[in-house]
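# Remarks on the overall topology
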Amino acid sequence: MALNSPPNLSARIFYGLRTDIQYNAHYLSESEIIYPAGGVIVIHDHLQKKQKFIRLQDKHKPIKSLVLAPNRRWLALNEIAEEGQKPIITIYDLTTYKRRKILTVPFENSTAREFACIQFTFDSKYLVAITGEPDWCLYYYNWDKGKVESHAKAQNPSGQGTVESVQCNPSDATLVVITGPYTFRIMNVSETVWRQWGWCKAENIAITSCMWLTPDRILFGTENGVIMMVENGELRQNCIFRAAEVTEFSLKKVEAEAEEGDKTSTTSKQDSTSDSTVSLDESQPVTCFVNFAKGFAYACGPGYVHMFEKETPHHWRKRNLFRISRKSYKHTREHPVWSNLDAIQHITIDPNQETLLITTLRKQLYHVKLFGQHMLQNPEIPFTELGPSMHYGPINSLSMCAWKPIFMTSGEQDKSIRIWNYMTDDVEMIKLYQEEIHCVSLHPAGLFAIVGFSDKLRFMVVLIDDFEVMREFPIRNCKQAKFSTNGHLFAAVNGQVIQVFSSVSFQNVYNLKGHNGRITCLAWSANDLTLVSCGTEGAVYEWSMSSGQRVGEVILKTNQFKACAVNSIGKTTYGLGTDGEIKEIGSNTIRRNLGLIGCALDTIVLSRSDMMLFVTGGDGGVTSVQLPLLDKAVFNEFHMHNKKVTCIALAYDDQTLVSVAEDASICLWRLTNADGRAIALEKDFAYSKEILISKKDLQEKINNINLLSTRMSELETEHTYQLRQAEATQAEKLKEVHEGYCAAIEELKEKNELMESEHTHEIGMIQQDIAKLRSGHERTLQALEADFNVRLINEYDRYQSLEDKTARMRKDYEERLEELAESKLQALREINNMFEAKLEEKDLLLQELQEQTDLERREHETIKASIEEDADREIIEIRTAYEVQLKEEKDANVRLKGETGLMKKKLISANKEIDEFKHQVSQLKAEHKQFQKVISTLERDVADLKKEISERDGTIQDKEKRIYELKRKKQELEKYKFVLNFKITELKNQCSLRAKNQPVKRKISIGQKGLLK
């Protein structure tokens, strides 16, 4: 595969839930659940642990609610518009996972920014939407055609109250009920006209939830925990219940009540569960009404869901009380407390009506079996978590393991540590703490971890179901800590100092000093010989682990570095920060400086093969960058999160990328074209499955096993003895029962014979009665036959008389017809003669007119010829004039079209420039704030530099004096050198003279020696 493009990422699993959206979870089928998370809509199959995604067009656009059509094929997103724009409803097809239709307000004068509520009709063909303030207008959409069928004012005519919900009738698409605080209106549409009918006096009732119980009954709950009913448009005064106390709904028709008198429905208090449940406050509101074929459910109280089962069309009985279990907090807290995060936001039922699903303000789905144990057997049935247990605040740290397919996360708000398995897509361990957690790092073996708490840094052992503290270090608020690649060392940030410890002896090996700002990231090379750190002061330092000295540095005051990564040999470092550029650093210099997505970058991770680089920045984007870096960056950007990504990590095999965001969402990415880039693992490579368990726990488990084995053997012996006794007792009882049965059989035989004789006697009596009845019926039949014969004769006589009368009338009418035919023939002859005479007169007149016409035709031809000549001449003149005028108009039209095109282009470019300027203004504001921070830091730097300059000025003056003295000494030395040079020349001259005199001296000495001889 070609390596000229960066690797692609495809999301495999996305954990998270957006709790700011109403109706944020729905069942598509028995196993598929659809819910919003991050910047996508997730279709989650919780049985097979597979997911599909619908990516939103604008992941940052706020969404008000998520509504599923009754046929579970269409999904409507109610999106909130920006200032000055219209709200829209986007409808998605859940078979193709594509956008099907976009609906908006059709009128220009609408100023509402959102739809307060939307709902499909029961047949899923129409959509009812109500805009928010100040309009409060109802629109009835034929959404498939994209048009508004009708509209009306949704708010109370008095203007009091607001609208929060609209519910469509389960059998009539033209009937809706509109509710909200101090608002209740039943409205019906007929021929595009909406009319209100029935009870609507809710000015003093704070309505919180509403539903159609049946096609003619409406239940609604109030803020003070009361349930009321409207039937056939009338408020039932005798059907008002306390939501937390009612155990039975016994509703009767209005007609039956009129006959039987005023009877109230049965209500009873739940005394049997008062001891085992928390007392409910009377002021708890009733929320989240949901109706299904077998009953209905609603939420009332802290984490409570009340479920009623339908027994008859007019009777419902309370079957279960569900609540979020305390076991959700069992991990470390012995006495968990309920919080506002447990308030139920939405309830939905699966299509088979077997499971109930809820959402709360925690980013977690909860479910429970609908028709399990009865409340008489279990007064309070707990909800269980659907899927892995999620963080409910920002995730501030992430660490990946090498030996095991696990990673560790820490929660900033929930103060928890969780270990996830990205192969099984599950949470293996959860531990909650009282102290704040700032950072975590998992040992490559997966058996140890270092955790930075607000008071200390702790080295922990990862046991089978717990963390055990092995060593504590006095480092407060440690924001960054990381094991080395091979795990024998770990580095921790203590203020502005990086302390390196041994993972074996826990000795402080090095204290690395040099940063004067907050240290934001630590990165180890693959051989653990190099540690790279970066900070907000704009420095990237490279430290040698063999000497503990700083061997490289790059300082860029205009940029606050947020993250860095180093290659396997420690020669190349990649850094990024607030300037939005990725920097390749090597040999103490910045080799390349490339811009990516036009905003600040947050995190970076480099694969073990040094061939894949991933960065994050902006609001939730993960960017894959091609390596090696060129003069222009080649990258692909992938979106799943809609909040800032706080951490990313790459698995040991370079096949899985994990990203976590501020909204506690976690995304597991699969690398789709990493062939040739990912690290090559050995063929027999397999992840470790070993776990640690303390000796004490192991001994306890062994003792428990032995105790249970002994107990089991005792129970088996006891059971065998009891079984033998039971068999003997049952044999005796069986013998007694057998004797009793034999006696009973004899008695039954005697009774059977007696009953047979009585039956024979009764049959004889019945046959006699049948004979009597048969004779009586025959006599009655003969009388009736005689009577009907007489009637038949009378009717025959009447028939004969009527037939004679009809013959006479027929004869009379035939005679009248013959007379009328003769009179008609005579009149026809007379009219014919008269018209023949008139025809002859007209023929003579026609001949005269023909002659006159010929004469006039000749005159006309003459006039016509002259007129045609004149007309041809005028036509030629007019055509010439108009052709000239047409040419001028065409030229003008072409010119105007060109000007119009130019104006359109100018308008488009102006609009683009306006948008760009707005974007630039926002960017410049952000840059201004950033620059203000930079200016403040630079001012401090300027003050420090001025102080340093003043100190260096004194040093410079001292050095200038020293230089002046040295220059003076130099001049003296030059003079001395000149004198020496002069002496050297003289000596050289003397030497040359001596060299010349040498042979003469030699001759003289030889002569002297000869004279001496």
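Heads up: these notes are all about the structure in this document. Nothing here was measured: the structure is a model prediction, and the numbers come from that model.

Rules used in this analysis
- Residues numbered from 1 in each chain as written.
- Predicted model: local features only at pLDDT ≥ 70, side-chain atom pairs only at ≥ 80, totals over all residues.
- Heavy atoms only, no water.
- Pairing = 2+ DSSP bridges.
- Helix = DSSP H or I, 4+ residues; strand = E, 2+ residues; numbered from the N terminus.
- Axes fitted to C-alpha atoms, helices over the stretch in contact; angles between N-to-C directions.
- Salt bridge = Lys/Arg side-chain N within 4 Å of Asp/Glu carboxyl O.
- Buried < 20%, exposed > 50% of the residue type's maximum accessible area, 1.4 Å probe, protein only.
- Patch = residues over 30% accessible without salt bridge, like charges linked within 9 Å, V, L, I, M, F, W, Y side chains within 5 Å.
- Areas by Shrake-Rupley, 256 points an atom, 1.4 Å probe, with all protein chains shown as cover.
- Lys, Arg positive; Asp, Glu negative; His and termini not counted.
- Charge placed at Lys NZ, Arg CZ, Asp CG, Glu CD.
- Phe/Tyr/Trp six-rings, centres within 6.5 Å; stacked < 30°, edge-to-face > 60°.
- Lys NZ or Arg CZ within 6 Å of the ring centre and 35° of its normal.

## Considering the sheet that holds strand β13 (residues 147–153)
Strand pairing within a sheet occurs via backbone hydrogen bonds; the two strands may be parallel or antiparallel. As summarised here, the arrangement of the four strands in space is β10-β11-β12-β13, forming an open sheet in which the pairing is antiparallel. Two strands in the sheet have a free side with no partner beyond their single neighbour: β10 (115–120) and β13. Direction aside, neighbouring strands of the sheet carry axes that sit 20° apart on average. Sheet analysis places β10 next to strand β11 (residues 127–131), joined by five bridges and oriented antiparallel. Residue pairing across strands places Ile-118 opposite Ala-129, the latter belonging to β11.

## Regarding the pattern of salt bridges
As a working rule, side chains carrying opposite charge can pair if their charged atoms are close by. A full pass over the atoms with the stated rule returns 35 salt bridges. Arg-317 serves as the salt-bridge partner of Glu-311, at 3.1 Å between the closest nitrogen and oxygen. On the basis of relative accessible area, Glu-311 is assigned to the partly exposed category, the value being 45%. Arg-458 is paired through a salt bridge with Glu-472; the nearest N and O atoms lie 3.0 Å apart. A residue pair is termed long-range when its members are at least 10 positions apart, and Arg-458 in strand β37 (residues 457–462) and Glu-472 in strand β38 (residues 467–473) qualify at 14 residues.

## Some details on a negative patch on the surface
A grouping of Asp-812, Glu-814, Glu-815, Glu-818, Glu-819 and Glu-822 is seen on the molecular surface, where their side chains present a negatively charged patch. By the secondary structure assignment, Glu-815 is in helix α2 (residues 695–1012). Owing to a relative accessible area of 43%, Glu-815 belongs among the partly exposed residues under this scheme.

## Quick word on the pairing of strand β53 (residues 621–626)
Judged by how many residues are buried, β53 sits mostly within the fold: six of six residues are covered. Here β53 shows no split at all, with Gly-621, Thr-623 and Val-625 on one side and Val-622, Ser-624 and Gln-626 on the other all buried. Connecting strand β52 (residues 612–617) to the antiparallel partner β53 that follows it, the hairpin turn spans three residues, and Gly-618 within it adopts a positive phi of roughly 70°. Examined bridge by bridge, β53 and strand β54 (residues 635–639) share five bridges and lie antiparallel to one another. When the sheet's bridge partners are listed, Thr-623 is paired in β54 with Glu-637.

## A closer look at the packing of aromatic side chains
Per the stated rule, a full pass over the model turns up 32 aromatic pairs. Geometrically, the ring pair formed by Tyr-139 and Tyr-141 is tilted, given 6.2 Å between the ring centres and 40° between the ring planes. Considered together, Tyr-139 and Tyr-141 belong to a single accessibility category, that of buried residues. When the centroid spacing of 6.4 Å and the interplanar angle of 20° are considered together, the rings of Phe-296 and Tyr-298 count as stacked. With respect to class, Phe-296 is no different from Tyr-298; both count as buried. An aromatic cluster of three or more residues is present, and its members are Phe-241, Phe-249, Phe-289, Phe-296, Tyr-298, Phe-308 and Trp-316. Lying over the aromatic face of Phe-453, Arg-458 brings its terminal NZ or CZ to 4.7 Å of the ring centre. It is Lys-838 that lies over the ring of Phe-835; its NZ or CZ is 5.6 Å from the centre.

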